[in-house]
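This is what each chain is made of:
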Amino acid sequence: MATDRVSIVEANLDRYLEEATPSSDPLTPDRPLRPGSTLTAGDAVALWEAQATSRAIDVEARRLKASGRSFYTISSAGHEQNAVVGAQLRLTDPCFLHYRAGGFMMARSALDPEVDPVRDTLLSICARRDDPISQGRHKVWGSRRLNVPPQTSTIASHLPKAVGMAFALGRARRLTRPDGNPVEYPEDAIAMCSFGDASANHATALTGINSARYALRRGNPMPILFLCEDNGIGISVETPHRWIRETFGGMRYLRYFEAEGDVDEVWDVVEEAVHLCRARRLPVFLRLATQRLWGHAGSDIETAYRTPQEIETVEARDPLLRNARRLIERGAATPDALREIRTRVREQVREVGESVAGHRPLETATEVMAPLAPWDEAKIRAEAAGEGSHPLPDPETRRTFWNGELPEEIRNPIRKTMAAHLSAALADEMLRRPEVLVFGEDVGRKGGVYYVTAGLQKRFGRARVVDTLLDETTILGVAQGTGMAGLLPVPEIQYLAYIHNALDQLRGEAASLQFFSNDQFRNPMVVRVAGLAYQKGFGGHFHNDHSIGALRDIPGLILACPSRGDDAVRMLRGCLATAKACGRVVVFLEPIALYHEKDLHEEGDGLWLTDHPAPGEALLPGEVAIHEAAALDAAASADSAESPAPTDPAASAARGGSTAAHDPADILLVSYANGFRMSLQAQRILARRGIAVDVMDLRWLNPLPFEALGEAARGRRAVLVVDECRRTGGGIADAVIARLAEEGTGARLASVRAPDSFVPLGPAADHVLIQTDDVVEAVERMGIDG
């Protein structure tokens, strides 16, 4: 049925071109197609060729699919009027495209003669590794040269990142890149994103549009063009007549346009909308009337929900047919000229299709995953040490900034908590890196719910420390857009539970960009998230969420989780260096209960306070800490001293395991965050009972530091994983135990995990969270003497 309808539509256009009569008053190419319009006859013919090329590619995709040589048949047929938008935007306008953007891409490609849109598109459709944007990983509309970042097929999920790009463009004069120059786009650049009428109802679309309006209301420039390609149907569900106009036409802080009719009429409306967006730096919503020919995709049986008469009515509105009629009637082209274009384009597309179908696809897992998680350790270490894009600030500059006393000079007995260390580390990094942008709910004037960002807005201004609206999807969308614009965003999500409101912005969008663009586009970011349980005097599920499974499930995402203040500083520096050097997406999970913790064993012992690491000291993924049982001997000796020195669990930090000379204990506890602190408490209790255990702080929860873990577990009689997260898929115990078992370590393996429960309010929380006693009892149950 689908193939028959393709043939019918093609035949209708051919028949018209054969029967049409040339105009008796032909136009020269430089004359307007209609008096008062800026669309010339020559440009109108060029547009029609771009549209005809897109149509020929759609036909070829189905032909190749029938022989098993292509893998994508969602076509642009009926949406070719978007070529008008493609012709009017500039290459310096970043564009985030709907999957029916064939006409747009053909017209935009004319702006760069080095781009071959037919070959590029067919390589993508055939999933061949020579595809210049994704190397065959997915059919995407994207091009580095054309400034079109590739988008996934997730419905409307690209609108928030487009808003983020517009946010960066709107602040181009106020934000700088590492070289001190403004962000790479000209001051009048605009962002554009396209989507369908059905997608306009999606929560993510509404979020993007709302946040753009909100930003404008707050006085921020927001140069973004929302292009809604309205074909009146979402797969099989019709969009109510005038629904888009009624929904968006009356919104304040959003200018609304409708483009429909003949190609010159569409051109004029698009021109006005683009000019307003560019000149006034405000959000514009442009509804473009389109048709959907040949169903949702090649596998869609349209007759299941549309009558033959309805299908024929849509086919009669074919934009190629309508535009051909307009060009011939106005004298811009003769039927023979359009027929020659159509024949030439068909032959070119067929020839290219046959050629690229013979190219090879990706053939190994290594090839497929190559751009998933870029890693250049030497470059990252240089970046962290001040030998990369930014040198470390000179001491006098820092001393002036810190009013005479540097953070690392504040030492015992005035050591600091994790929150204080993080606040100082953020300030130092913002001083060093002018492209760092901190934003989120309450991070500015208030300084964050836990005051980690306190004072940053006063120091660096509202252009770099931004209070956002209450919406996690917007926060993570802005992170993507500003990251693509050349900045280094450090957004904050107030609580771990809240990130689930916007998880697809990480999973489907941010973490997939390098994968689907073959690392040609990057959206580096370090997302700070306050999380995990054990808050004292403040609780409930949404402020004590203790499940990280949804984050660990995201390919390529780095998940860092410090336990102590000094580690938090070193790890944050390493995360920023990794994001900067390799474009990575990092989630920096900060244990809320440890923000202001001072003590380890008894109240007032101050053993969880630490000194601030010197500039340039950093920790990278894979680097763990092991606190050995032997360290307790030194601590015990110090206990009798007049001023006992706190033990430092990070003292034996090393990539690949411990570097200490002591023989390892028979039992190894593996943990992180609150579990690491409880494990240290258990370590002392067990030592007094004659059982020696070493304690490892994993620090990095995705990817897990398996190399260091395997080395540390080697030769042990038992390994106990202390995982504070929920038992079923919430934490890391499953993965750690499985890896050690598969490697055949020979050690007895066990775990302590929290029950599968939400965290209740008050003291009841202790019944569903692991405690120090649970760790002690688990070790004793293993029956291994120290």
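Look above for the structure.
Only a predicted model underlies this, so the values are computations on that prediction, with no experimental measurement involved. (Residues numbered from 1 in each chain as written. Predicted model: local features only at pLDDT ≥ 70, side-chain atom pairs only at ≥ 80, totals over all residues. Heavy atoms only, no water.)

How do you make sense of the overall build of the protein when you look at a structure like this?
Looking only at helices and strands, one finds 27 helices and 20 strands in the protein. C-alpha atoms of the protein, sized along the principal axes, occupy 110 × 55 × 45 Å. Looking at the protein as a whole, 61% of its 786 residues qualify as buried. Accessible surface, the protein: about 29800 Å² in total, of which carbon and sulfur atoms supply 50%. (Helix = DSSP H or I, 4+ residues; strand = E, 2+ residues; numbered from the N terminus. Buried < 20%, exposed > 50% of the residue type's maximum accessible area, 1.4 Å probe, protein only. Areas by Shrake-Rupley, 256 points an atom, 1.4 Å probe, with all protein chains shown as cover.)

What's the story with the packing of helix α5 (residues 117-125) against helix α12 (residues 335-356) in this structure? I'm lost.
To characterise two packed helices, one gives the angle between the axes of the helices and the distance between these axes. As a packed pair, α5 and α12 sit with axes 9 Å apart at the nearest point and diverge in direction by 45°. The angle between α5 and α12 places the two elements in the oblique class. Seen along the crossing, α5 lies across α12 with a hand that is right-handed. Facing Val118, Arg119, Leu122 and Leu123 of α5, the residues of α12 in contact are Gln348, Val349, Val352, Gly353 and Val356. Taken together, the residues of the contact of α5 with α12 break down into 6 nonpolar, 2 polar and 1 charged. (Axes fitted to C-alpha atoms, helices over the stretch in contact; angles between N-to-C directions. Parallel < 35°, antiparallel > 145°, perpendicular 65-115°, else oblique. Left-handed = near helix turned anticlockwise from the far one by under 90°. Contact = heavy atoms within 4.5 Å. Nonpolar A, V, L, I, M, F, W, Y, C, P; charged D, E, K, R; others polar.)

Teacher, can you tell me more about the packing of aromatic side chains here?
To describe a pair of aromatic rings, you give the distance between the ring centres and the angle between the ring planes. Applying the stated criterion across every chain, the model contains 10 aromatic pairs. Arranged with centres 6.0 Å apart and planes meeting at 80°, the rings of tyrosine 450 and tyrosine 495 form a pair that is edge-to-face. Remark: tyrosine 495 occurs in the loop between β10 (488-493) and α19 (503-509) and tyrosine 450 occurs in the loop between β8 (436-440) and α17 (456-460); sequence separation between them is 45 residues. Per residue, the accessibility class of tyrosine 450 equals that of tyrosine 495, and both read buried. Site record: aromatic cluster; members linked through ring pairs are Phe195, Phe248, Tyr256 and Phe285. (Phe/Tyr/Trp six-rings, centres within 6.5 Å; stacked < 30°, edge-to-face > 60°.)

Can you help me understand the sheet that holds strand β7 (residues 284-289) in this one?
Sheet strands pair via backbone hydrogen bonds, and the direction of the pair is either parallel or antiparallel. Spatially, the 5 strands line up as an open sheet ordered β1-β2-β3-β7-β6, and their pairing is parallel. Every interior strand has two partners, whereas the edge strands, β1 (95-96) and β6 (255-259), have only one. Bridge analysis of strand β3 (residues 224-230) against β7 gives 6 bridges, and the strand direction is parallel. Counted as the bridge partner of leucine 225 is valine 284 from β7. (Pairing = 2+ DSSP bridges.)

How should unusual backbone geometry be read in this particular structure?
For residues besides glycine, phi is generally negative; the peptide bonds are generally trans as well. A cis geometry characterises the amide bond from asparagine 702 onward to proline 703, with omega recorded as -10°. Secondary-structure assignment places proline 703 in the loop between β18 (700-702) and α25 (706-713). Not every positive phi belongs to a glycine, and tryptophan 294 is a case in point at roughly 70°. Examined against the element boundaries, tryptophan 294 turns out to sit in the loop between β7 and α10 (308-316). Of note, the phi angle at asparagine 403 is positive, near 55°, even though the residue is not glycine. Mapping asparagine 403 onto the fold places it in the loop between α15 (395-401) and α16 (418-432).

Is there a simple way to think about the pattern of salt bridges in this case?
A side chain with one charge can pair with a side chain of the opposite charge if their charged atoms come near. Taken as a whole, this structure holds 61 salt bridges when the rule is applied. Aspartate 566 is paired through a salt bridge with arginine 570; the nearest N and O atoms lie 3.7 Å apart. Separated by 4 residues within a single helix, aspartate 566 and arginine 570 lie in helix α22 (residues 565-582), roughly one turn from each other. Of the two residues examined, aspartate 566 and arginine 570, each falls in the buried class. Among the ionic pairs, arginine 570 bridges to glutamate 617, the shortest N-O distance being 3.2 Å. (Salt bridge = Lys/Arg side-chain N within 4 Å of Asp/Glu carboxyl O.)

Looking at this model, I keep getting lost on the packing of helix α6 (residues 159-170) against helix α18 (residues 472-484). Mind explaining?
Closest axis-to-axis distance for the α6/α18 pair is 6 Å, and the angle between their directions is 55°. It follows from the interaxial angle that α6 and α18 lie oblique. As α6 runs across α18, the sense of the crossing is right-handed. Contact with α6, carried on its side by Pro160, Lys161, Gly164, Met165, Phe167 and Ala168, involves Thr473, Gly477, Val478, Gln480, Gly481, Thr482 and Met484 of α18 and no other residues of that element. Of the residues belonging to the contact of α6 with α18, the class tally is 6 nonpolar, 6 polar and 1 charged.

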